[in-house]
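Structure assessment
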Amino acid sequence: MLDQVADIISKCSVGAVLTGAGISAESGVPTFRGRQGLWKKFRPEQLATMEAFLASPEVVWEWYNWRRELISDVQPNPGHHALKEMEEFFQEFTLITQNVDNLHRLAGSSRILELHGNIYRNKCADCGFVLDDDMDIDPADIPTCDKCGGRVRPDVVWFGEMLPGDVIEQAFFEAERADVFLSVGTSALVQPAASLPLVAKRGGATLIEINPERTPLSDLADFSFQAKSGELLPDLVKMVHDRKEGADRR
Ligand code: OAD
Ligand code: ZN
């Protein structure tokens, strides 16, 4: 099956991928759902909503500082690196991620659409003005916005919030015109990101899923691999490489 996918990728010119927390699992970043998931231990509505921030901003900041620390200790894994290498197989390749962990950037991917923001960025909770990337926040003394005096919050998308309009619009545009679309390490449950693979397939893309567990996408995908992305993606990239080199020699 992987052979077939390598054949298809080696002949396509527009590629896109949607990643979720699972791609970073092998780096040691916990996922949200599943047995070890963050949402098993913490309640999202007490940590990742505007209501929570208004009620107890210090608790919300403690949680984000904890996650920042956790994430700053980890490195991209072979799955992230393979997606960076995949760029060269296509004329155009877009990496759409639901992750806020910055690991795709660290791996060097060039065109990244961050649907849910980036945990290292801060913004004003009132006017949305985006602040310096690496400002550390003391939960007991949360800084305020220079423009309007609002409190500073992490620049991530919380439950009940809209995604950044230009980013999600671009993501749908790329999904629609992709020849091949990979859904990697996502439970495919959170909208609107979960619609992207469906839009891609409806637009004619070959849909490939990589996830050790089955998801609502598994039956719809043209190819569904129950595997870890850090193991399967490097194999896939190597197979496409070999085909491209073979074709160049001919
Ligand atoms: P989830 O935690 O819902 O799903 C992670 C998926 O990764 C699961 O389906 C796992 O089976 C899979 N997985 C685990 N290990 C893997 C591995 N080594 N290789 C490949 N896949 C693996 O995370 P997301 O789908 O990203 O939103 O969740 C979407 C959104 O829900 C997140 O962005 C976050 C969360 O609430 C916000 O915070 C707005
Ligand atoms: Zn402001």
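Reading the values: the criteria
- Residues numbered from 1 in each chain as written.
- Chains lettered and ligands numbered in written order.
- Predicted model: local features only at pLDDT ≥ 70, side-chain atom pairs only at ≥ 80, totals over all residues.
- Heavy atoms only, no water.
- Helix = DSSP H or I, 4+ residues; strand = E, 2+ residues; numbered from the N terminus.
- Rg over C-alpha atoms; globule rule 2.2 N^0.38 Å.
- Buried < 20%, exposed > 50% of the residue type's maximum accessible area, 1.4 Å probe, protein only.
- Contact = heavy atoms within 4.5 Å.
- Areas by Shrake-Rupley, 256 points an atom, 1.4 Å probe, with all protein chains shown as cover.
- Lys, Arg positive; Asp, Glu negative; His and termini not counted.
- Charge placed at Lys NZ, Arg CZ, Asp CG, Glu CD.
- Near = heavy atom within 4 Å.
- Polar contact = N/O pair within 3.5 Å; in protein donor to acceptor, adjacent residues only side chain to side chain.
- Nonpolar A, V, L, I, M, F, W, Y, C, P; charged D, E, K, R; others polar.
- Domains from an automatic or database assignment.
- Donors = N, O, S within 2.8 Å, 3.2 Å for Na, K, Ca; no water.
- Tetrahedral: all angles 85-135°; square planar, octahedral: opposite > 155°, others 65-115°.
- Buried area = accessible area lost by both parts, 1.4 Å probe.

1. Quick notes on the overall build of the chain
Broken down by element type, the chain carries eleven helices and eight strands. Here the C-alpha radius of gyration of the chain, 19 Å, is about what a compact globule of 250 residues would show, namely 18 Å. With the C-alpha coordinates of the chain rotated into their principal frame, the extents come out at 65 × 35 × 30 Å. Expressed as a percentage of the 250 residues in the chain, the buried residues total 52%. The long-range fraction of contacts in the chain, counting pairs at least 24 apart against all pairs at least 6 apart in sequence, stands at 67%. Element-wise, carbon and sulfur atoms account for 48% of the exposed surface of the chain, whose accessible area totals about 12,200 Å². The averaged location of the 39 negative side-chain charges in the chain is 5 Å from the averaged location of its 26 positive side-chain charges.

2. Concerning the site of ligand 1
Near ligand 1 you find 22 residues, and of these Glu26, Arg33, Thr186, Ser187 and Asn211 are the closest. Note that an oxygen atom of ligand 1 is positioned 2.7 Å from one of the backbone N or O atoms of Phe32. Between an oxygen atom of ligand 1 and a side-chain N or O atom of Arg33, the distance comes to 2.6 Å. Here ligand 1 loses 90% of its free accessible area of 800 Å² to cover by the protein chains. Its residues assigned to classes, the shell around ligand 1 shows eight nonpolar, ten polar and four charged. Domain assignment of the residues forming the shell around ligand 1 places at least three in each of domain 1 (2-28 + 76-116 + 163-249) and domain 2 (30-73 + 121-156).

3. Here's the deal with the coordination of the zinc ion (ligand 2)
Within the protein, Cys124 (SG), Cys127 (SG), Cys145 (SG) and Cys148 (SG) serve as the donor atoms for the zinc ion (ligand 2), at 2.3 to 2.4 Å. Coordination at the zinc ion (ligand 2) comes from four donor atoms whose angles at the metal span 97 to 116 degrees, giving a geometry best classed as tetrahedral. When the donor residues of the zinc ion (ligand 2) are listed from N- to C-terminus, their spacing reads C-x2-C-x17-C-x2-C. With Cys124 in strand S4 (residues 117-124) and Cys145 in the loop between S4 and strand S5 (152-156), this pair connects stretches of sequence that are 21 residues apart.

4. So, the domain arrangement of the chain
When the parts of a complex come together, some accessible area is lost, and that lost area is often taken as the interface size. What the domain assignment reports for the chain is domain 1 (2-28 + 76-116 + 163-249) and domain 2 (30-73 + 121-156). The centre of domain 1, based on its C-alpha atoms, is set 28 Å off from the matching centre of domain 2. With eleven residues of domain 1 at the contact, the number on the domain 2 side is ten residues. Buried area between domain 1 and domain 2, summed over both chains or domains, comes out near 710 Å², and the portion from carbon and sulfur atoms is 63%.

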